[in-house]
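# An overview of the molecular structure
So you can see what is in the structure, the chains are spelled out below.
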Amino acid sequence: MINVTKTFLPTIEAYQSYLNRAWEKVWLTNRGELTLELEHKIKETYKINNIIITNNGTIPLQIALKLLGNQGEIITTPFSYVATTSAIIWENCKPVFVDIHPEYLSIDETKIEAAITPKTTAILATHVFGNPCHVDAIEKIAKKHNLSVIYDAAHCFGVTYNKNSIFNYGDVSTCSFHATKIFHTGEGGAMFCNDKDLYHKLFYSHNFGHNGPLDFHGLGINAKISELQSAMGLAVFDNLEHIFSERKKIVEFYLNNLNFDTLTTMKIRENTEWNYSYFPVIFNSEEELLKVQQNLNEAEIFPRRYFYPSLNTIDFVNGETMPISESIASRVLCLPLYVGLTETELQLIVNLIN
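Nothing here was measured: the structure is a model prediction, and the numbers come from that model. (Residues numbered from 1 in each chain as written. Predicted model: local features only at pLDDT ≥ 70, side-chain atom pairs only at ≥ 80, totals over all residues. Heavy atoms only, no water.)

This brings us to the sheet that holds strand β2 (residues 51-54). Here we have seven strands laid out as an open sheet, ordered β2-β10-β9-β6-β5-β3-β4, and mixed in their pairing. Edge positions in the sheet fall to β2 and β4 (94-97), since each of these pairs with one other strand and no more. Neighbouring strand axes in the sheet, compared pairwise and without regard to direction, differ in orientation by 25° on average. Sheet topology places strand β6 (residues 148-152) next to strand β9 (residues 172-176); three bridges connect them, and they run parallel. Along β9, the bridge assignment pairs I150 with V172. (Pairing = 2+ DSSP bridges. Helix = DSSP H or I, 4+ residues; strand = E, 2+ residues; numbered from the N terminus. Axes fitted to C-alpha atoms, helices over the stretch in contact; angles between N-to-C directions.)

Below is the structure:
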């Protein structure tokens, strides 16, 4: 069976070596030394200003919306995982959708201003499949209208734009460290920000609002990661060069062997160092997609329809029509992409699609 992704696992010995340190300290949560070390490694490697590792990738969105959304209207993309929209509604805000760019697949920055109202408080945009939004244009719009910017950068570990980590853009940027991601802690995530005062609020918000054991800065929730998860993160981090290299080879194989007379894929934004997180192919019609998907499934190959359906169409949203997102969502299929795929398996996938 070939699934759309497969968790990268370090050797059990490597994982155990980090676990031993937690056992020696008898410290399994509340920001132990493994969590602090992992934060430091990520921060130093990617030249990130501030990072808080969390227990999943959705709760950073919720915390950011709690602090910046003010129960207002949030301009967002309909082409993302459901957690992006769900977090907005969960925090008593209203999602206002803006259609996507047909090539980059991220929110179309030229359509954002038309969606702004007096109730708008923030922009929540997704860097789709690790492909950056037009962050420069979004920043200008946000400053002009005094809006906060939150980025769902769940797919973006290792991505740089203009030689700067994509996590350094926006008021708050978030990432997922889920087991299916390039870098993972089994289950986890992180939030990033540049402003010291906002970082302070994010920090106490993820730890019940604590200011020491007996005092509180304010309202908070439990978003802390465990040392068991951080141990996995440290063991995976040691293999990142290999992970990126192998995924790049797979992407290049697809690019060199698929028949792009009948398919397209997303355009990577200029000045981006991409991380090879997903490989989406866009068919001419949903009928063609379904036919190819059936052929692949019959051969025990299971790509996935990220992101379907377009989020403006789901029952609890009732959003306005977004023609580009709805069209792309009906025709896009993400192909298998993970460390360990063999050239024989890749050739089989390509032959069935072609």
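Our focus in this paragraph is helix α10 (residues 323-331). The set of residues buried in α10 consists of S325, I328, A329, S330 and R331. Looking at the buried residues of α10, the elements they touch are β13 (280-283), α9 (286-298) and β15 (332-334). (Buried < 20%, exposed > 50% of the residue type's maximum accessible area, 1.4 Å probe, protein only. Contact = heavy atoms within 4.5 Å.)

On to a nonpolar patch on the surface. Together, W23, L28 and L228 line one region of the surface with nonpolar side chains, adding up to about 310 Å² of accessible area. Relative to the helices and strands, W23 is located in helix α1 (residues 12-25). (Patch = residues over 30% accessible without salt bridge, like charges linked within 9 Å, V, L, I, M, F, W, Y side chains within 5 Å. Areas by Shrake-Rupley, 256 points an atom, 1.4 Å probe, with all protein chains shown as cover. Salt bridge = Lys/Arg side-chain N within 4 Å of Asp/Glu carboxyl O.)

A few words on the pattern of salt bridges. What the rule picks out here adds up to 13 salt bridges. A salt bridge links E139 to K143; the nearest nitrogen and oxygen atoms lie 3.2 Å apart. You can see E139 and its partner K143 sitting in helix α5 (residues 135-145), four residues apart, about one turn around the helix. Taking the shortest distance from any N to any O, the salt bridge between R305 and E286 comes out at 2.9 Å. You can see R305 sitting in the loop between β14 (301-302) and α10 and its partner E286 sitting in helix α9, a full 19 residues away along the chain. Here R305 falls in the buried class, since its relative accessible area comes to 17%. A single network of salt bridges, built from pairs that share partners, joins R21, K25, E33, E37, K41 and D238.

A separate point is the packing of α1 against helix α2 (residues 33-45). One way to put it is that α1 packs onto α2 with a least axis distance of 9 Å and a crossing angle of 135°. As judged from the angle between their axes, α1 and α2 are oblique. Along its contact with α1, which presents Y18, R21, A22 and K25, the element α2 presents E33, L34, E37 and K41. The residue inventory of the contact of α1 with α2, partitioned by class, reads three nonpolar, no polar and five charged. (Parallel < 35°, antiparallel > 145°, perpendicular 65-115°, else oblique. Nonpolar A, V, L, I, M, F, W, Y, C, P; charged D, E, K, R; others polar.)

Rolling a probe over the atoms, with the probe sized like a water molecule, indicates the empty space that remains. The calculated volume of the largest pocket comes to roughly 600 Å³. The set of elements that each furnish at least two residues to the lining of the largest pocket consists of α4 (82-90) and β9. Tallied by class, the residues present in the lining of the largest pocket amount to 16 nonpolar, 13 polar and five charged. Taken as a whole, the second largest pocket spans an internal volume of roughly 240 Å³. In this structure, the second largest pocket is lined by 13 residues; those nearest its centre are Y46, G158, T160, E273 and W274. Of the residues assigned to the lining of the second largest pocket, the class counts are four nonpolar, six polar and three charged. (1 Å grid on protein atoms, 1.4 Å probe; cavity = no way out; pocket = protein on both sides within 12 Å on 5 of 7 lines; lining within 4 Å. Points joined across faces, edges and corners; volume = space filled by probe spheres on them.)

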